[in-house]
Amino acid sequence: MINTSKKENNPMDNMPRNANGSIVSEKTTETGGEGKTKNHEVDELKLANKELVELLQRTRADFENFRKRADEQKRFAEKLSAEKTVKSLLPLLDSLLLAIKANDSLLPLAKTLEKSLSEINLQMIVPAEGAVFNPNLHEALSMTDDGGDSEVVSELLQPGYIYNGNVIRAALVKVKTV
C-alpha cells in the first residue's frame, strides 16, 4: 500500500525564495538580496571596462611606438641607400676630375659638377699643400720625415668626400713632417 498522506520530497521545495515566494538564485542569497547582486555585477562590469580601456591604451601606445620605430628604420634605410649610391658614383667623379684637369675646355663642367655636388650635400675634401694632416679627413699613403714635429700634406693624390656630414672616403695624400 502506498501512503498518500506523506508528501514526496520535491527538490523545488528546498530552493531559497524571496518574500514574494519566487525562487532566487544562490548568488542572490549569498550577496544578501537582488540589489546587492546588481551592484556587484555593475562593479564587475566597471572593472572589466577599466581593464579593457587600459588594454586599449597600452595597445595604442605599442602601435605608436611601432610606427615611430618603422619610420626611423625607413629613414635609416633611405640614408644608407643614398650613401651607397653616392659611393658608387665616386669613381665616376674621380674620372671626371682627371678629365677636367687634363683639358681646360672642360672647366665649365667643373663648375656644374661642383654645384651639383653641393645640391646633394656632397663636399669634396681637397687639402692644399702644406695643410695640417688630419687623420679623420686624410689617409696618408706615404710619409717623408724631414725632422720636424708637425705633419702636413705634401701632395694630394685623390680627393675625399663628405656626404651629409660623414666622411665617406678620406682624401689620399702624401705627408711630410716640417
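Residues numbered from 1 in each chain as written. Predicted model: local features only at pLDDT ≥ 70, side-chain atom pairs only at ≥ 80, totals over all residues. Heavy atoms only, no water.

Asks: Quick one: what's the story with the sheet that holds strand β3 (residues 151–158), residue by residue and with numbers?
Replies: Ordered in space as β2-β6-β3, the 3 strands form an open sheet in which the pairing is mixed. Strand pairing shows two members of the sheet lacking a second neighbour, β2 (138–144) and β3, which therefore form its edges. Mean inter-strand twist for the sheet, computed between neighbouring axes without regard to direction, equals 35 degrees. The pairing of β3 with strand β6 (residues 171–177) spans 6 bridges and is antiparallel. In the sheet register, Val153 faces β6, and the bridge partner there is Val175. (Pairing = 2+ DSSP bridges. Helix = DSSP H or I, 4+ residues; strand = E, 2+ residues; numbered from the N terminus. Axes fitted to C-alpha atoms, helices over the stretch in contact; angles between N-to-C directions.)

Asks: I'd like to hear about the packing of aromatic side chains, residue by residue, with values.
Replies: For the structure shown, the criterion picks out 1 aromatic pair. Seen from their ring centres, Phe63 and Phe66 are 6.4 Å apart, and the 35 degrees between their planes marks the pair as tilted. Of this pair, Phe63 and Phe66 both sit in helix α2 (residues 34–102), separated by 3 residues, roughly a single helical turn. (Phe/Tyr/Trp six-rings, centres within 6.5 Å; stacked < 30°, edge-to-face > 60°.)

Asks: Report on the pattern of salt bridges, specifying residues and quantitative values.
Replies: Close approach of charged atoms lets side chains of opposite charge pair. One pass over the structure, following the stated rule, counts 5 salt bridges. The partner of Arg67 in a salt bridge is Glu64, with the nearest N and O atoms 2.3 Å apart. Note that Arg67 and Glu64 are positioned in helix α2 at a spacing of 3 residues, about one turn of the helix. Residue classification places Glu64 among the partly exposed residues on the basis of a relative accessible area of 30%. Lys174 serves as the salt-bridge partner of Glu155, at 3.5 Å between the closest nitrogen and oxygen. Here Glu155 is found in strand β3, whereas its partner Lys174 is found in strand β6, with 19 residues between them in sequence. For Glu155, a relative accessible area of 37% translates into the label partly exposed. Where salt bridges share partners, they join Glu64, Arg67 and Asp71 into one cluster. (Salt bridge = Lys/Arg side-chain N within 4 Å of Asp/Glu carboxyl O. Buried < 20%, exposed > 50% of the residue type's maximum accessible area, 1.4 Å probe, protein only.)

Asks: How would you sum up the side chain of His138? Please name residues and give values.
Replies: Along the chain, His138 turns up in strand β2. What His138 contacts, discounting residues up to four positions off in sequence, is Ile125, Pro127, Val132, Phe133, Val153, Ala170, Ala171 and Val173. (Contact = heavy atoms within 4.5 Å.)

Asks: Which residues make up the layout of surface pockets, and what values go with them?
Replies: Quantified by volume, the largest pocket comes out at close to 220 Å³. Lining the largest pocket are Asp94, Leu97, Leu98, Lys101, Met124, Val126, Leu156, Leu157, Gln158 and Pro159. Of all the elements in the fold, those that place two or more residues in the lining of the largest pocket are α2 and β3. A class-by-class count of the residues in the lining of the largest pocket yields 7 nonpolar, 1 polar and 2 charged. (1 Å grid on protein atoms, 1.4 Å probe; cavity = no way out; pocket = protein on both sides within 12 Å on 5 of 7 lines; lining within 4 Å. Points joined across faces, edges and corners; volume = space filled by probe spheres on them. Nonpolar A, V, L, I, M, F, W, Y, C, P; charged D, E, K, R; others polar.)

Structural measurements only, silent on function.
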